[in-house]
Amino acid sequence: MTALSLNNREFQQFRDMIHEIAGIAMSDAKRQLVAGRLSKRLRHFELSSYGDYFQLLMKDKAELQTAVDLLTTNETYFFREPKHFEFLRERLQDDLRSNQPLRVWSAACSSGEEPYTLALLLADCLPSRPWEILASDISTRILDKARTGIYPEEDASGIPRELLHRHCLRGTGSHSGMFTLEPALKRRIGFRQINLNNALPDVGVFDVIFLRNVMIYFDPPTKRQVVQRLCARLRPGGYFFVSHSESLHGISDELQSLRPSIYRKPHA
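### Some words on the sheet that holds strand 8 (residues 234–241)
Across a sheet, strands are paired by hydrogen bonds formed along the backbone, either parallel or antiparallel in direction.
Logical step 1: Strand order in the open sheet formed by seven strands is 6-2-1-7-8-10-9, and the pairing between neighbours is mixed. On the outer flanks of this sheet lie strand 6 (189–193) and strand 9 (256–259), each paired with one strand and no other. Between one strand and the next, the sheet's axes are offset by a mean angle of 20°, whatever the strand orientation.
Logical step 2: With five bridges joining them, strand 1 (residues 102–106) and strand 2 (residues 131–137) adopt parallel strand pairing. Within strand 2, the residue paired with tryptophan 105 across the bridge is leucine 134.
Logical step 3: Of the strands in this sheet, strand 2 and strand 6 are in contact with helix 7 (residues 140–148), which crosses strand 6 at around 165°.

### Side note on the state of the cysteines
Logical step 1: If you walk through the whole model with that rule in mind, you get zero disulfides.
Logical step 2: Cysteine cysteine 109 shares no disulfide, and the gap to the nearest cysteine sulfur, in cysteine 168, comes to 17 Å.
Logical step 3: Between cysteine 231, a cysteine without a disulfide, and cysteine 109, which holds the nearest cysteine sulfur, the sulfur-to-sulfur distance is 20 Å.
Logical step 4: Judged by relative accessible area, which is 0%, cysteine 231 ranks as buried.

### Some remarks on the confidence of the model for the protein chain
Logical step 1: For the protein chain, the average pLDDT comes to 92, and 99% of its residues sit at 70 or higher.
Logical step 2: Ranking the elements of the protein chain by mean pLDDT puts helix 4 (residues 61–72) last with 88 and strand 7 (residues 206–210) first with 98.

### Topic: helix 5 (residues 82–92)
Logical step 1: Looking only at helix 5, the buried set comprises His84, Phe85, Phe87, Leu88 and Leu92. Projected onto a plane normal to the axis of helix 5, the buried residues spread over an arc of 160° and lie on a single side.
Logical step 2: The inward-facing, buried residues of helix 5 contact strand 1, helix 6 (113–125), strand 7, strand 8, strand 9 and strand 10 (262–264).

### Quick notes on unusual backbone geometry
Logical step 1: The phi dihedral of glutamate 81 is positive, around 55°, even though this residue is not glycine.
Logical step 2: Relative to the elements of secondary structure, glutamate 81 occurs in the loop between helix 4 and helix 5.
Logical step 3: Residue glutamate 81 is classed as buried on the basis of its relative accessible area, which comes to 14%.
Logical step 4: The phi dihedral of asparagine 213 falls on the positive side, at around 60°, and the residue is not glycine.
Logical step 5: With respect to the element layout, asparagine 213 can be found in the loop between strand 7 and helix 10 (220–231).

### Some thoughts on the packing of aromatic side chains
Logical step 1: This model, assessed by the stated rule, comprises 13 aromatic pairs.
Logical step 2: Their ring planes at 35° and their centres at 5.2 Å tell us that tryptophan 105 and phenylalanine 206 sit as a pair that is tilted. In this pair, tryptophan 105 sits in strand 1 while phenylalanine 206 sits in strand 7, placing the two residues 101 residues apart along the sequence. Considered together, tryptophan 105 and phenylalanine 206 belong to a single accessibility category, that of buried residues.
Logical step 3: With a centroid separation of 4.4 Å and an interplanar angle of 15°, the aromatic rings of phenylalanine 210 and phenylalanine 241 are classed as stacked. One end of the pair, phenylalanine 210, is in strand 7; the other, phenylalanine 241, is in strand 8, with 31 residues separating them in the sequence. Across the pair, phenylalanine 241 and phenylalanine 210 agree in class, each one buried.

### Thoughts on the nonpolar core
Generally speaking, nonpolar side chains in soluble globular proteins are found buried as a group.
Logical step 1: In terms of nonpolar packing, the biggest core is built from 48 residues, with Phe14, Trp105, Leu211, Leu230 and Phe240 touching the most fellow members.
Logical step 2: Of all elements in the fold, only helix 1 (8–22), helix 2 (31–44), helix 3 (50–57), helix 4, strand 7, helix 10 and strand 8 reach the threshold of two or more residues within this core.

What counts as what
- Residues numbered from 1 in each chain as written.
- Predicted model: local features only at pLDDT ≥ 70, side-chain atom pairs only at ≥ 80, totals over all residues.
- Heavy atoms only, no water.
- Pairing = 2+ DSSP bridges.
- Helix = DSSP H or I, 4+ residues; strand = E, 2+ residues; numbered from the N terminus.
- Axes fitted to C-alpha atoms, helices over the stretch in contact; angles between N-to-C directions.
- Contact = heavy atoms within 4.5 Å.
- Disulfide = S-S within 2.5 Å.
- Buried < 20%, exposed > 50% of the residue type's maximum accessible area, 1.4 Å probe, protein only.
- pLDDT = per-residue confidence, 0-100.
- Arc of directions from axis to C-beta.
- Phe/Tyr/Trp six-rings, centres within 6.5 Å; stacked < 30°, edge-to-face > 60°.
- Core = buried A, V, L, I, M, F, W, Y, C linked by side-chain atoms within 4.5 Å.

Here it is as structure tokens:
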């Protein structure tokens, strides 16, 4: 089958669609990414143009979700941006100490490496304190992968050896060459589809929120709205993390900057 080209009008249709649904602003440089990620779906339905596929999306909600999944999935890995986890470890021994359950939200969890990293850290720092993690993403397909939580052994290279030996299991048989976390830790993570571009469901309040490597895809008005929604779910004194390539400068006046990419919600 001859490779199909994504023309300007078709690209603009997909740009408008993903902005309306997910708040993601796609630059002109993303044209090849859109064409590449959707091309298999065109072949699956034996369609002759991206315009025909777009028309299909307008009639088929399940396929629309598939397209959103394909266009919003981001690469991630264990202990990404390790200074965040070093900071959190310090604070868990200081001002986040309490007898109350600690609640952490990984608000754009992708394929699960971030919430599982948090689980390894909390298991190590809080052996006797209750804790739980909410892990959410807009993509149902990537959430299915995250729930499974099975990764190639080479992906464990960023996990400290002591944590790997204490809390991870090596795959056998059909899972040879893979690893996962021990079931007791995986049970403390709840995976849920949440679109941060919409009104949030009732998920309670959190001591720590991670919103990393997703705002780079939002335009400024969407950033402000998303951060405002999440701030309402952060306890006073709680911590808010964005990636090292992101900033809340000019985005939120509700959060106090502690150091680059790390913020705190002041006590009233």
